[in-house]
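# Residue-level structure breakdown
Residues per chain, in single letters:
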Amino acid sequence: MKKAWIIVLLIFCFNAKAQELEYQDFTAYYLFNIGYTYHNINYLEAGLNSYLVRPNDDIIDLGATANLGVSNGKFIAIPEAQVGYLWNIKDSAIDPYSSNFNSAFWVVRTSVSPWHVTPEIGISVVDLIDLSVGYGFEFNKHNHVDLDGIKLGLSLRLPFLLFWHE
């Protein structure tokens, strides 16, 4: 049954916004990511993300995070690489940090660590608050925590523009 869900989720993810491939220019935004993640234990999630805004007004999200937690008195750090796709609900001009921005984004993302892979779906509100839910599939056994199961996340994504701008 698990394999059937994986296949359905992967098909949905790849067909969600299928388009012809062509050369595209991107506008890049860089973000700090800090948040809370529950994946069988509580984690503090911290990392960096890059939003690549495409000319069709969708966003490719690339990230590197670390989930920091404590299990059975042991400190745990789980590094993750993330790739995601965000698209605008209102299909309006979506430069995510412009003054005319007024919409939320649907999010499809996959997180990968040395121990598990987690497909996720969610919503990004005002492009600062990211709510996501996913299911982790463990392919290598971690010594201190089980990474199979539901993953819930709440992240605050702060653009570098808040701190450094021209």
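Please read these numbers as outputs of a predicted model, since none were measured by experiment.

### Concerning the overall build of the protein
Each helix and strand in the protein was counted, giving one helix and eight strands. Beginning at the N terminus, the succession of helices and strands in the protein can be written as α-β-β-β-β-β-β-β-β. Considering only contacts within the protein whose residues lie at least 6 apart along the sequence, 51% involve residues at least 24 apart. On the protein, roughly 9,500 Å² of surface is accessible, and the fraction owed to carbon and sulfur atoms is 66%.

### Some remarks on empty space enclosed by the protein
Enumeration over the complete set of coordinates arrives at one cavity of 30 Å³ or more. As a volume, the largest cavity reaches approximately 70 Å³. Lining the largest cavity are Thr 37, Glu 45, Gln 82, Arg 109, Glu 120, Asp 130, Ser 132, Lys 151, Gly 153, Leu 154, Ser 155 and Arg 157. When residues of the lining of the largest cavity are traced back to their parent elements, those giving at least two are β7 (129-138) and β8 (149-159). For the lining of the largest cavity, the element with the highest residue contribution is β8, accounting for five residues. In the lining of the largest cavity, the residues fall into one nonpolar, five polar and six charged.

### Thoughts on the pattern of salt bridges
In total, this model carries five salt bridges according to the counting rule given. Taking the shortest distance from any N to any O, the salt bridge between Arg 109 and Asp 61 comes out at 3.2 Å. Placement of the pair is Arg 109 in strand β5 (residues 105-112) and Asp 61 in strand β3 (residues 59-71), with a sequence separation of 48 residues. For the pair Arg 109 and Asp 61, a shared accessibility class is recorded, and that class is buried. A single network of salt bridges, built from pairs that share partners, joins Asp 61, Arg 109, Asp 130 and Arg 157.

### Some thoughts on the confidence of the model for the protein
Across the protein, pLDDT averages 80, with 73% of residues at or above 70. Confidence drops under pLDDT 50 across residues 16-21; counting only partners more than four residues distant or on other chains, this segment forms eight contacts.

### Describing the pairing of strand β1 (residues 27-38)
Here β1 pairs with strand β2 (residues 42-53) via 12 bridges, running antiparallel. Bridged to Tyr 38 within β2 is Asn 42. Counted along the chain from β1 to the antiparallel partner β2, the turn is three residues long, and its residue Asn 40 has a positive phi close to 75°. Note that β1 and β8 share eight bridges and pair antiparallel. Paired with Phe 32 across the bridge in β8 is Leu 158.

### Topic: the sheet that holds strand β6 (residues 116-125)
Read around the barrel, eight strands follow the order β1-β2-β3-β4-β5-β6-β7-β8 and close on themselves; strand pairing throughout is antiparallel. Neighbouring strand axes in the sheet, compared pairwise and without regard to direction, differ in orientation by 25° on average.

### Focus: the nonpolar core
The nonpolar side chains of a soluble globular protein tend to be buried with one another. In terms of nonpolar packing, the biggest core is built from eight residues, these being Tyr 29, Leu 31, Tyr 51, Val 53, Ile 59, Leu 86, Phe 105 and Val 107. Elements that contribute at least two residues to this core include exactly β1, β2 and β5. Grouped together as the second largest cluster of nonpolar side chains are six residues, Ile 41, Ile 76, Ile 78 and Val 145 included.

### Regarding the environment of Leu 31
Of note, Leu 31 is situated in strand β1. A relative accessible area of 0% means that Leu 31 is categorised as buried. Sequence-wise, Leu 31 and Pro 159 are 128 residues apart; in three dimensions their C-alpha atoms are separated by 4.1 Å.

Rules of the game
- Residues numbered from 1 in each chain as written.
- Predicted model: local features only at pLDDT ≥ 70, side-chain atom pairs only at ≥ 80, totals over all residues.
- Heavy atoms only, no water.
- Helix = DSSP H or I, 4+ residues; strand = E, 2+ residues; numbered from the N terminus.
- Contact = heavy atoms within 4.5 Å.
- Areas by Shrake-Rupley, 256 points an atom, 1.4 Å probe, with all protein chains shown as cover.
- 1 Å grid on protein atoms, 1.4 Å probe; cavity = no way out; pocket = protein on both sides within 12 Å on 5 of 7 lines; lining within 4 Å.
- Points joined across faces, edges and corners; volume = space filled by probe spheres on them.
- Nonpolar A, V, L, I, M, F, W, Y, C, P; charged D, E, K, R; others polar.
- Salt bridge = Lys/Arg side-chain N within 4 Å of Asp/Glu carboxyl O.
- Buried < 20%, exposed > 50% of the residue type's maximum accessible area, 1.4 Å probe, protein only.
- pLDDT = per-residue confidence, 0-100.
- Pairing = 2+ DSSP bridges.
- Axes fitted to C-alpha atoms, helices over the stretch in contact; angles between N-to-C directions.
- Core = buried A, V, L, I, M, F, W, Y, C linked by side-chain atoms within 4.5 Å.

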